[in-house]
Amino acid sequence: MHSIIKNINKIFDHRVRLGIMSALMVNDFVDFNTLKELLEVTDGNLASHLKALEKVAYITVTKEFIGRKPNTKYSTTAIGAEAFKKHIAALEKIIRMQQ
Amino acid sequence: MTEKDYLKDISEIKNIMNRSTRFLSLSGISGILAGVYALIGGAIAYKLLTDYGRLERGETYESSILNLELMLILIAGTVATLSVVTAYVLTKRKAVQNNEKMWAPASRQLLVSFIIPLATGGIFALLLIYRGDYALIAPTMLIFYGLALFNASKFTLSTVKYLGLLEVVLGLVSMLFLGNGLFFWMLGFGVLHIIYGALIYIKLDKKR
């Protein structure tokens, strides 16, 4: 049990971060506004969680322009994807053990 | 965290993965209506074909075969247009109800993955008309439409793939019964749409 708890990643211990990672795992990239609508959060809230994930190198940011409008796109890094998979596996294991 | 929180986490992950890759506001009623349009269009086409079958060979025959071609293209075009417009209006209404955006990455991917095989089939069918290979038109439309559905099912309700496979199978079977294209066309575009639309309506629309 102890070793499984170790795999529960503290960084993902928040609804918004969990949501960001879930969306990025199944898409090549997702832009800021799409994430905002998907997770129903405010700009500031989303930005701070994105920053946190970026800081641990779980996601990367690409900035580009569509015409004159800036468009920020996010995608997972290999480390981030690996960490998220481990996290899900741990969640599933705990649920199975408790049933 | 308690067990309940972990379960909630997992279902939230699944939910977001689905919503960020799939457009789920398909309307069951629009499927039923598309099927009805196809049956009506098919019935009109059947009437035209039997009338034409009674004509004697000669001058009127030559000119009426061109008319018949145009009429059949017109009927197919009208059925397709009506179906698309109905689907757009009803799907938009459902998307608003579901709080899902009509124009999002998932719906764009859905559209592209659907249209490319479909347009290929459409052009192929027009070329068959141009070449005079009429018997192959219905199988072609069914097969390409089925492949388009199968391809698009990755970005919407996953059960769409079964509808796609059925259309493909129907198209292949109809190759064994060339000359009965209209019957298979009405079965595929009419009956299957009505059945699938009704299933979606019962399973998803009614609950809301």
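Rules used throughout
- Residues numbered from 1 in each chain as written.
- Chains lettered and ligands numbered in written order.
- Predicted model: local features only at pLDDT ≥ 70, side-chain atom pairs only at ≥ 80, totals over all residues.
- Heavy atoms only, no water.
- Helix = DSSP H or I, 4+ residues; strand = E, 2+ residues; numbered from the N terminus.
- Buried < 20%, exposed > 50% of the residue type's maximum accessible area, 1.4 Å probe, protein only.
- Contact = heavy atoms within 4.5 Å.
- Pairing = 2+ DSSP bridges.
- Arc of directions from axis to C-beta.
- Axes fitted to C-alpha atoms, helices over the stretch in contact; angles between N-to-C directions.
- Parallel < 35°, antiparallel > 145°, perpendicular 65-115°, else oblique.
- Left-handed = near helix turned anticlockwise from the far one by under 90°.

*Asks:* Which residues make up the side chain of Ser22(A), and what values do they have?
*Replies:* For Ser22(A), the location among the structural elements is in helix H2 (residues 15–25). A residue is classified by how much of its surface remains accessible, and Ser22(A), at 1% relative accessible area, is buried. With residues up to four places along the chain from it excluded, the contact list for Ser22(A) reads Phe84(A), Ile13(B), Ile16(B) and Met17(B).

*Asks:* Can you break down the sheet that holds strand E3 (residues 69–76) of chain A residue by residue, with the values?
*Replies:* All names here are of chain A. In spatial order, the strands read E1-E3-E2; together these 3 strands make up an open sheet with antiparallel pairing. Only two strands of the sheet have a single partner each, and these edge strands are strand E1 (30–31) and strand E2 (59–66). Relative to E3, E2 is paired through 8 bridges, and the arrangement is antiparallel. By the bridge assignment for E3, Ile 59 is matched with Thr 76.

*Asks:* Quick one: what's the story with helix H3 (residues 32–39) of chain A, residue by residue and with numbers?
*Replies:* Buried residues of H3(A): Phe32(A), Thr34(A), Leu35(A), Leu38(A) and Leu39(A), and no others. Viewed along the axis of H3(A), the buried residues span an arc of 165°, placing them on a single side of the element.

*Asks:* Tell me about the packing of helix H5 (residues 137–152) of chain B against helix H6 (residues 160–175) of chain B, and please be specific about residues and values.
*Replies:* Residues and elements named next belong to chain B. It is at 7 Å that the axes of H5 and H6 come closest, and there the two elements cross at 160°. Considering their axes alone, H5 and H6 lie roughly antiparallel with respect to each other. Two packed elements cross with a definite hand, and for H5 against H6 that hand is left-handed. Residues Pro 139, Leu 142, Ile 143, Tyr 145, Gly 146, Leu 147, Leu 149 and Phe 150 of H5 form the contact with H6, whose own contacting residues are Val 160, Lys 161, Leu 163, Gly 164, Leu 165, Glu 167, Val 168, Leu 170, Gly 171, Leu 172, Ser 174 and Met 175.

The analysis is restricted to geometry; functional conclusions fall outside its scope.
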